[in-house]
Amino acid sequence: MSRQPLYLPMSLQEGEKLGIRQFDIILITGDAYVDHPSFGTALIGRVLWDAGFSVGVIAQPQVQSPEDFTVLGKPRLFFGISSGNVDSMVDNYTPNLKWRSEDVYSPGGILKRPDRATIVYTNRVHELFPGVPVVIGGIEASLRRFAHYDYWQDRVRQSILADAPADLLVFGMGERQMVEIAKRLATGESVNTLRDIHGTSWKMEVAEWRSTRPEGIVEIPGFTEVVKDKSAYARAFALHYHEQDPVRGRAVAQPHPKTVVIQNPPARPLTTEELDHIYELPFSRSSHPSYRQPVPALEPVQFSVTSHRGCFGACSFCALTHHQGRIIQSRSSDSIVREITRMTKMPSFKGVIQDIGGPTANMYCLSCDQWETRGACADKRCSPACKNLRTSHEEQCRLLSRIRGIPGVKHVFIGSGIRYDLALADDSGYLGMVCDHHISGHLKVAPEHIIVEVTKIMNKPGRDVFDRFCTQFETLQEGKKKRQYLLPYFMSGHPGCTIPDMVALAVYIRDHNLYTEQVQDFTPTPMSVSSCMYYTGLNPFTMEPVHVPKGQEKKIQRALMQYRDPRNRGLVTEGIRLAGRTDLIGPGKQCLVPSEGRSAGRFEGKFQKPKKNA
Ligand code: SF4
């Protein structure tokens, strides 16, 4: 079954045309099936097919319709279930807990994904196909693998593995694990014996746990304890956080009332050759032909390229460390050039590479010798301050030059965010090259805040570094015919941030005449350090108390970032008064809002409406 089809089959008829009577594996997803490597189901499906297994896809089944789940029959080996590319709660609700009006991963943007899709789909499959192994994976399962705070219910939930009738949970990027599961089930092993696969979590009976307690497993405070005691929650978080390294990480166990969830150490990162092979599988880069409407999420990534995985930035509000890890895994430039050359032959390609990068654009080929043998340090953060981190962007510059030279390529953009402390540490001319060739008018950067106490809690570089970067960027603008701008992302409402901190940020935005469309109000998504702080009010690594803005204070903080919006005037005025900065209210140029009852005049003229979901 190694010859790859044009699309993975979504019906028995499509399977029959390929000579398949029964699929080895059926993948169920909350997204539409888009055959592009940025879509997890396509990626895993193609990799399994490449390993010799036939794979069918059920996309966005209607929960009330059993036929949607039985349409491909019973798989020979297992069902693989995911909510899709995003957590279903993040996808279905705004940060203000309102229903979203569109799902960009669905044809025509129509909402089809149930809340808690992984649990809902797994229950349905369990009812309809009792005894068939079920493996859950994807972002939702991966980041809910331990007991976790759920913002949408404002309570601690059990591990998703304790809630869903699944046999195994695959966390992180799942290619290695999924292939091993398939191979071992194909040789007749029972799913219950698959307890040693790195990058998976599994369940042990409470009685067995009590009687055996296998050695070498780190036991963290259990669900019953963390649900009652916030300091136990923070302790549990810090313990499992430190074990998320594929080289030095140990297995972690968390008891639950009816089961014990065991997380094996993370899977070993893919090698350059393995990544090259996967990204060169024959993805059609389009949605399945059965769809009549476009899938909005495809358009911005259709001609984008993944150059690497992983991120060692470890920003507190991002759970990527728990998913892709800190170790950077880069593809070879030859492979990337081949992939792009193939794209240039596609009729819909207009000469523009929309993005090239990974979670952070400029980590391609950055490395530390220690990663291979000892993993990433548990007690230190990777940053240019560490002499072991190789920060030269030479390989990136070489790659970008090669891509610009591919016949048929007119523009190559860098759309992912650039880590500016790394760009500053580089001496190979990367930033100049980016400004000369790889941005249109704006360069996205994410300082997130300018107050040192806040950036420290966020684990971001401080204001001094951002200011130096701005100066360097400005220098690079000299002599340019068309001026470029920095597009900074700031965040409000993050743990550790107070109203005076936000007033100071508003003043900074005013003084630097910054564009503030890109407002992010902190949302506690599963398994980030910041979400742990939001719930517990504690820094899990120091156990020191952290201020957590909620309710009206959070609204004021968000409004302060868009102080020019007349609709925010009441909240902004309240915030300024609370911060004791009434000098910022009035008609003066330095003021953020006019005095009450006065004409808004110059304030309204400057405001630009925020983009949807900004
Ligand atoms: S030595 Fe430095 S770069 Fe390497 S893992 Fe440790 S902190 Fe990161």
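None of the values given here were measured: they were computed from a predicted structure. (Residues numbered from 1 in each chain as written. Predicted model: local features only at pLDDT ≥ 70, side-chain atom pairs only at ≥ 80, totals over all residues. Heavy atoms only, no water.)

Trainee: Which residues make up empty space enclosed by the protein, and what values go with them?
Mentor: Taken as a whole, this structure holds seven cavities of 30 Å³ or more when the rule is applied. Approximately 270 Å³ is the volume found for the largest cavity. Lining the largest cavity we find 24 residues, and of these M173, P266, A267, H323 and Q324 sit closest to its centre. Among the elements that make up the lining of the largest cavity, the one with the highest residue count is helix α8 (residues 175-186) (three residues). Across the lining of the largest cavity, the residue classes tally to eight nonpolar, 10 polar and six charged. What the second largest cavity holds in volume is close to 100 Å³. If you go around the second largest cavity, you meet 13 residues; those closest to its centre are C368, W371, C377, C382 and C386. Residues of the lining of the second largest cavity, tallied by class, amount to seven nonpolar, four polar and two charged. (1 Å grid on protein atoms, 1.4 Å probe; cavity = no way out; pocket = protein on both sides within 12 Å on 5 of 7 lines; lining within 4 Å. Points joined across faces, edges and corners; volume = space filled by probe spheres on them. Helix = DSSP H or I, 4+ residues; strand = E, 2+ residues; numbered from the N terminus. Nonpolar A, V, L, I, M, F, W, Y, C, P; charged D, E, K, R; others polar.)

Trainee: Any details on the layout of surface pockets? Residues and values, ideally.
Mentor: In this model, the second largest pocket occupies a volume close to 430 Å³. Taken together, 19 residues make up the lining of the second largest pocket; nearest its centre are P269, L270, I327, I328 and E372. For the lining of the second largest pocket, the elements supplying multiple residues, two or more each, are β16 (329-330) and α14 (370-374). When its residues are assigned to classes, the lining of the second largest pocket shows 10 nonpolar, five polar and four charged.

Trainee: I'd like to hear about the packing of helix α11 (residues 230-241) against helix α21 (residues 529-536), residue by residue, with values.
Mentor: One way to put it is that α11 packs onto α21 with a least axis distance of 9 Å and a crossing angle of 170°. Taken together, α11 and α21 sit at an angle that is classed as roughly antiparallel. Counting all contacts with α11, which are made through K230, Y233, A234, F237 and Y241, the residues of α21 involved are V529, C532, Y535 and T536. Taken together, the residues of the contact of α11 with α21 break down into seven nonpolar, one polar and one charged. (Axes fitted to C-alpha atoms, helices over the stretch in contact; angles between N-to-C directions. Parallel < 35°, antiparallel > 145°, perpendicular 65-115°, else oblique. Contact = heavy atoms within 4.5 Å.)

Trainee: Outline the pairing of strand β4 (residues 78-82), listing residues and values.
Mentor: Within β4, five of the five residues are buried, which leaves it mostly tucked inside the rest of the structure. Residues F78, G80 and S82 line one face of β4 and the alternating positions F79 and I81 line the opposite face, and both faces are buried. Bridge count for strand β1 (residues 25-29) against β4 is five bridges, and the pairing is parallel. Considered in β4, the bridge of I25 is made with F78. (Buried < 20%, exposed > 50% of the residue type's maximum accessible area, 1.4 Å probe, protein only. Pairing = 2+ DSSP bridges.)

Trainee: With reference to specific residues and values, describe the sheet that holds β4.
Mentor: Taking strand neighbours across the sheet as the criterion, the nine strands line up as β3-β1-β4-β5-β8-β9-β12-β11-β10 in an open arrangement whose pairing is mixed. Edge positions in the sheet fall to β3 (55-59) and β10 (217-219), since each of these pairs with one other strand and no more. Taking the axes of each pair of neighbouring strands and ignoring which way they run, one obtains an average angle of 25° across the sheet. Taken together, the three bridges between β10 and strand β11 (residues 251-255) define a ladder with parallel strand orientation. Its bridge partner lying in β11, I217 is registered against A251. On the sheet, helix α5 (residues 117-128) packs against β1, β4 and β5 (134-136) and is oriented at approximately 155° with respect to β4.

Trainee: Tell me about the packing of helix α15 (residues 394-404) against helix α17 (residues 430-438), residues and numbers included.
Mentor: Interhelical geometry of α15 versus α17 gives an angle of 20° and a closest axis separation of 10 Å. Overall, the two elements α15 and α17 adopt an arrangement that is roughly parallel. Between α15 and α17 lies a crossing whose hand is left-handed. Counting all contacts with α15, which are made through Q396, C397, L400, S401 and R404, the residues of α17 involved are Y430, M433, H437 and H438. Of the residues in the contact of α15 with α17, the class split is four nonpolar, four polar and one charged. (Left-handed = near helix turned anticlockwise from the far one by under 90°.)

Trainee: Please give an account of the nonpolar core that cites residues and values.
Mentor: Grouped together as the largest cluster of nonpolar side chains are 100 residues, with contacts concentrated most on I356, L443 and F469. Top element by residues in this core is helix α20 (residues 499-511). It accounts for eight residues. Filtering out sequence-adjacent residues up to four positions away, L443 remains in contact with I418, L431, V434, F469, F473, Y485, L486 and L487. Ranked by size, the runner-up nonpolar core spans 75 residues in total, among them F23, Y121, F129 and L168. (Core = buried A, V, L, I, M, F, W, Y, C linked by side-chain atoms within 4.5 Å.)

Trainee: Could you give an account of the side chain of D276, with specific residues and numbers?
Mentor: Tracing the chain through its elements places D276 in helix α12 (residues 272-279). In this structure D276 comes out as buried when scored by relative accessible area, which is 9%. Apart from residues lying up to four places away in sequence, D276 is in contact with R331, S332 and S335.

Trainee: Residue-level account of the site of the ligand, with values.
Mentor: Neighbouring the ligand are C368, Q370, W371, A376, C377, K380, R381, C382, C386, N388 and L389. Tallied by class, the residues present in the shell around the ligand amount to seven nonpolar, two polar and two charged. (Near = heavy atom within 4 Å.)

Trainee: Describe the environment of P265, with residues and values.
Mentor: By the element assignment, P265 lies in the loop between β12 (260-263) and α12. Classification of P265 by relative accessible area gives buried; the value is 12%. Once the C-alpha coordinates of P265 and I217 are considered, the two residues, 48 residues apart in sequence, prove to be 9.7 Å apart. Those residues in contact with P265 that sit more than four places away from it in its chain are F171, H198, G199, G249, R250 and A251.

Trainee: Before we move on, can you summarise the sheet that holds strand β22 (residues 519-521) with the specific residues and values?
Mentor: Neighbouring strands of a sheet are bound in pairs by backbone hydrogen bonds; such pairs are parallel or else antiparallel. Spatially, the three strands line up as an open sheet ordered β20-β21-β22, and their pairing is parallel. Single-partner strands in this sheet number two, and they are β20 (442-448) and β22. Direction aside, neighbouring strands of the sheet carry axes that sit 25° apart on average. Relative to strand β21 (residues 485-492), β20 runs parallel, the two sharing five bridges.

Trainee: Help me get a handle on the packing of aromatic side chains, residues and values and all.
Mentor: Considering all chains together, one arrives at 17 aromatic pairs under this definition. Measuring from centroid to centroid gives 5.1 Å for Y233 and Y535, while their planes differ by 65°, and the two rings are edge-to-face. Of the two residues, Y233 sits in helix α11 while Y535 sits in helix α21, which places them 302 residues apart along the sequence. Look at Y233 and you get buried, because its relative accessible area is 7%. An aromatic cluster of at least three residues, connected via ring pairs, comprises Y149, Y151, W152, Y233, F522, Y534 and Y535. Between R46 and the ring centre of F283, over which it is positioned, the NZ or CZ distance is 6.0 Å. When the ring centre of Y535 is taken as reference, the NZ or CZ atom of K230 above it lies at 4.9 Å. (Phe/Tyr/Trp six-rings, centres within 6.5 Å; stacked < 30°, edge-to-face > 60°. Lys NZ or Arg CZ within 6 Å of the ring centre and 35° of its normal.)

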